[in-house]
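Descriptive analysis of the structure
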Amino acid sequence: MPQATYTLSLDGGYNTEAGPLAASRISNDFVVSVPWLIEAQNIVYSADGWIRKMPGASNVNTTATGATDNVMGIFDYWRSTTSGDPVQRRVIYADTQIYSNTPGNATLDSIATGRVADVMPAFEVMNDALIMAETSTTDVPATWDQTTFANLGGSPPNFSFHVQHKDRMWAAGVDSNKSRLFYTVSGSAADWTGAGSGSIDIAPDDGDQITGLAPHKDRLIVLKGPNRGRIVFITGSAPTGSDAFAQVPFIRGVGCTSHQSIIPYRDDLLWWSELGIHSLVATAAFGDYNAAFVSAPIQTFFNDLLNHARFRFVWGQNFVPGGYSMWTVARSGNTDNNVILIWDYRFTPPRFALWPAASVAAVAIVIDTNRQPTPWYGTYTGRVMRGNRSARNFGGVAYTGRALMPYLSFGDPTFDKMLVGARVGVAPKGDTTFTFGWQRDGATQQTEAVNQGGVPTLGASSDQFTLDASTLGGGRHIDRFPTTVSGSFKALQIDLQQTTLDVDFEPHSVGLTLEGAGVGRTAILG
């Protein structure tokens, strides 16, 4: 039978539910769909569906706050001025201190000491003042105006998290009143007892506590957990009158594990519970039906491979420029968050990926000195890290970008085929190599180091034609041809990896040349 070359189309992301073998879906023009990935590690997705090695991260502070300090929170605080531009400070909660970072400065300046370490902080700005709280029964809420750090006035309850809504500060997470929602007088973040302030009890004594708050579409979403869970909406604009505050039950049986897991994205909200990752829109339509969970494609990973006891330490952010949300979380058996889970919502359905290179306690989105929104990370070693760097290293450490496909049978899996050639289309990233792997049925995986076909780079980015911020040209696409691929198979698995420090990798196509093999040769479906 004649040879045929099949082009792979990467049509899905990381999936733990679909199994190791993908049914062959081959178009008339010999395009084979790869509907999911078995592994998607340290990668992001390109607009065409293919992968690229995840961006790197570099240290913000040249000197660590302490070698074992856990950086538990980061916040991008802007304060308006009577004249001129707003003033920016980055606020960092590390170990027992709170620090400030001035844009363009590689040092952290202490603004508060003696705080409780290893707690989850929350931040909100109202009337130009930063209001801070944390999950500690010892520390009280505090305020900072870029000059003076002080305990929050107005006799506030000792809350753990808070949001601004309807020109009031709303707060919960009070240890002595776990189901009580508190609010200030109108127009103030520091008057919790005056006329117009008050509180609302949200299903007290139901075995849960308020674990998250989120303003959304003129309502305040109140989430309880972490056990059975409950969600209610707070409507209205004032304690009394024709538009008085009111509780509107939304759902019982879906909860929330942490306030910091909540992410607004598009016209929706995402959050974590012990059951999975949820969307407000999907929950409104399907309730606790697990097939409608955001986490449905990776539910085995969520259920069995994560440390649920660490869910209260999940931090999430929406990185709008990249088109993905991210959460830092701990794998099973780990006591620190040691992987970032990526959910790329530009695709239908959205795609997951894992960043095991990023062992971080906190994640935030900061307007960086180049005016670009940028992920910042808090480590367990007293460092703040600036993400989205072109140099592919994480704090100077190399990591492996990997896409492992499911087995593909290219027709009837009972018949043998012969692999006689392969092609990988890449946007070359210098005079560097990547690893092309192929596994035939149950045989040992075979690999070949393939040169990307570029030229030696001129800067740390290891990106051909790119001097970090200065682009000399590029954008070309070339085909590279592994020379040792061969062998018969019934089903074939392809593995793409790049492991080198500072080296990028950006494949955009894979082609495989096959022919029939064995006594019972048959035409490959096409």
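Described below are features of the structure shown in this document. Since we're looking at a predicted model, the values are computed, not measured.

**Some thoughts on the overall build of the chain**
- Helix and strand content of the chain: two helices and 44 strands.
- Computed over its C-alpha atoms, the radius of gyration of the chain comes to 26 Å, within 12% of the 24 Å expected for a compact globule of 526 residues.
- Dimensions of the chain, computed from C-alpha atoms along their principal axes, come out at roughly 85 × 50 × 40 Å.
- Taking all 526 residues of the chain together, 54% fall into the buried category.
- The contacts of the chain with a sequence gap of at least 6 include a subset with a gap of at least 24, amounting to 60%.
- Accessible area of the chain: about 20400 Å², with a carbon and sulfur share of 49%.
- In the chain, 37 side chains carry a positive charge and 46 a negative one; their mean positions are 2 Å apart.

**Notes on the environment of G442**
- Within the fold, G442 resides in the loop between β37 (433–440) and β38 (446–451).
- Residue classification places G442 among the exposed residues on the basis of a relative accessible area of 77%.
- Sequence separation of G442 and K490 is 48 residues, and the distance between their C-alpha atoms is 9.9 Å.

**Side note on the environment of T102**
- Of note, T102 is situated in the loop between β10 (97–101) and β11 (109–112).
- Judged by relative accessible area, T102 falls into the partly exposed class, the value being 24%.
- Distance from T102 to T369, taken between C-alpha atoms, is 10 Å for residues 267 residues apart in sequence.
- Sequence-distant contacts of T102, that is, excluding residues within four places in its chain, are made with R89 and R90.

**Topic: the packing of aromatic side chains**
- What the rule picks out here adds up to 24 aromatic pairs.
- Plain terms: the ring middles of F233 and F250 are 4.7 Å apart, the flat faces sit at 25 degrees to each other, and that makes the pair stacked. Here F233, found in strand β22 (residues 230–235), pairs with F250, found in strand β23 (residues 246–252); they are 17 residues apart in sequence, far enough to count as distant.
- Taking the relative accessible area as the measure of exposure, F233 reaches 7% and is therefore buried.
- Positioned above the aromatic ring of Y399, the side-chain terminus of K53 is 5.3 Å from the ring centre.
- Sitting over the face of the ring of F233, R219 holds its NZ or CZ atom 4.0 Å from the ring centroid.

**So, the pairing of strand β25 (residues 268–272)**
- Counted residue by residue, β25 has five buried out of five residues, so it is predominantly covered.
- Burial of β25 is two-sided: the residues D268, L270 and W272 facing one way and the residues L269 and W271 facing the other way are all buried.
- As consecutive antiparallel partners, strand β24 (residues 263–265) and β25 are separated by two residues, and within that stretch R266 has a phi angle of approximately 50 degrees, a positive value.
- For β25 and strand β26 (residues 277–279), the ladder comprises three bridges, and the chain directions are antiparallel. In the sheet register, W271 faces β26, and the bridge partner there is H278.
- The turn joining β25 and β26, which pair antiparallel and follow one another in sequence, is formed by four residues.

**A look at the sheet that holds strand β13 (residues 129–134)**
- One open sheet accounts for four strands, arranged β12-β13-β14-β15; its pairing is antiparallel. Looking along the sheet, the strands with just one partner apiece sit at the ends: β12 (121–126) and β15 (149–151). Strand-to-strand twist of the sheet, defined as the mean angle between neighbouring strand axes without regard to direction, takes the value 25 degrees.
- Sheet analysis places β13 next to strand β14 (residues 142–144), joined by three bridges and oriented antiparallel. Bridging across to β14, I131 finds its partner in T143.

**Digging into the side chain of S509**
- Within the element layout of this structure, S509 appears in strand β44 (residues 507–516).
- Within the structure, the side chain of S509 is placed 2.9 Å from the side chain of R423, a separation counted as a polar contact.
- Excluding residues within four positions of it along the chain, S509 makes contact with W50, R423, V424, G425, H477 and D479.

**Concerning the sheet that holds strand β8 (residues 71–79)**
- Within the open sheet, the four strands sit side by side as β8-β9-β10-β11. Their pairing is antiparallel. The open sheet is flanked by β8 and β11, the only strands paired with a single partner. Averaged over neighbouring strand pairs, the angle between their axes works out to 30 degrees when direction is ignored.

**With respect to unusual backbone geometry**
- With an omega of 5 degrees, the peptide bond between G225 and P226 qualifies as cis.
- Residue placement: P226 occurs in the loop between β21 (219–225) and β22.
- Going from T348 to P349, the amide bond is cis rather than trans, its omega being -5 degrees.
- Turning to its location among the elements, P349 is positioned in the loop between β29 (339–344) and β30 (351–355).
- In this structure, D441 takes a positive phi of about 55 degrees despite not being glycine.
- When you line up the elements, D441 lands in the loop between β37 and β38.
- One non-glycine residue with positive phi stands out, namely D502, at about 70 degrees.

**Some details on the pattern of salt bridges**
- Throughout the structure, instances matching the rule amount to 20 salt bridges.
- The shortest N-O distance in the salt bridge between D368 and R90 comes to 3.7 Å. Remark: R90 occurs in strand β9 (residues 87–94) and D368 occurs in the loop between β31 (362–367) and β32 (373–378); sequence separation between them is 278 residues. Summarising the burial analysis for this pair, D368 and R90 share the class buried.
- Residues D218 and K166 are paired through a salt bridge, measuring 2.5 Å at the closest nitrogen-oxygen approach. With D218 in the loop between β20 (209–216) and β21 and K166 in the loop between β16 (161–165) and β17 (168–172), the pair connects residues that are 52 residues apart, well separated along the chain.

**Some points on the nonpolar core**
- Core analysis: the largest hydrophobic core is formed by 83 residues, its most contacted members being L8, W272, W355, Y377, F410, F436 and L512.
- A per-element tally of this core places β29 first, with five residues.
- Leave out the neighbours within four places in its chain, and W355 touches N42, I43, V44, M54, P55, Y324, M326, V339, I340, I342 and Y377.
- Counting 16 residues, the second largest nonpolar core, distinct from the first, contains V163, W170, I202 and I210.

So, how was this worked out
Residue numbering note: each chain is counted from 1, following its sequence as written. Two thresholds apply to this predicted model, a pLDDT of at least 70 for residue-level local features and 80 or more for giving and counting side-chain atom pairs, whereas whole-chain, interface and lining totals are computed over all residues. Excluding hydrogens and water, the side-chain figures rest on all heavy atoms present in the structure. Only DSSP runs of H or I with at least four residues qualify as helices, and only runs of E with at least two residues qualify as strands; both kinds are numbered from the N terminus onward. All radius of gyration figures rest on C-alpha atoms, and the globule criterion is 2.2 Å times the number of residues raised to 0.38. Classification of residues uses two cut-offs on accessible area relative to the type maximum, computed with a 1.4 Å probe and protein chains only: under 20% is buried, over 50% is exposed, and between them is partly exposed. Two residues qualify as a contact provided that any one of their heavy atoms is within 4.5 Å of a heavy atom in the partner residue. Using the Shrake-Rupley algorithm and a 1.4 Å probe, accessible areas are obtained, with residue cover drawn only from the displayed protein chains. Just so you know, the count uses Lys and Arg for positive and Asp and Glu for negative, and it drops His and the chain ends. All charge positions are set by atom: Lys at NZ, Arg at CZ, Asp at CG, Glu at CD. Each Phe, Tyr or Trp ring, with Trp reduced to its six-membered ring, pairs with another whose centre is within 6.5 Å; inter-plane angles below 30 degrees give stacked pairs, above 60 give edge-to-face pairs, and intermediate values give tilted ones. Either the NZ atom of lysine or the CZ atom of arginine qualifies as a charge over a ring when it sits within 6 Å of the ring centre and within 35 degrees of the ring normal. Strands are labelled as partners when DSSP assigns at least two bridges between them. Where helices are involved, their axes are fitted lines through C-alpha atoms of the stretch in contact, as for all axes, and angles between N-to-C directions lie from 0 to 180°. Pairs of N or O atoms within 3.5 Å make up the polar contacts considered here, provided that, within protein, one atom can donate a hydrogen while the other can accept it, and that residues adjacent in sequence are counted only when both atoms are side-chain atoms. Take a side-chain nitrogen of Lys or Arg and a carboxyl oxygen of Asp or Glu: if they are within 4 Å of each other, that pair is a salt bridge. Only buried residues count toward a nonpolar core, which is a set of Ala, Val, Leu, Ile, Met, Phe, Trp, Tyr and Cys residues joined through side-chain atoms within 4.5 Å.

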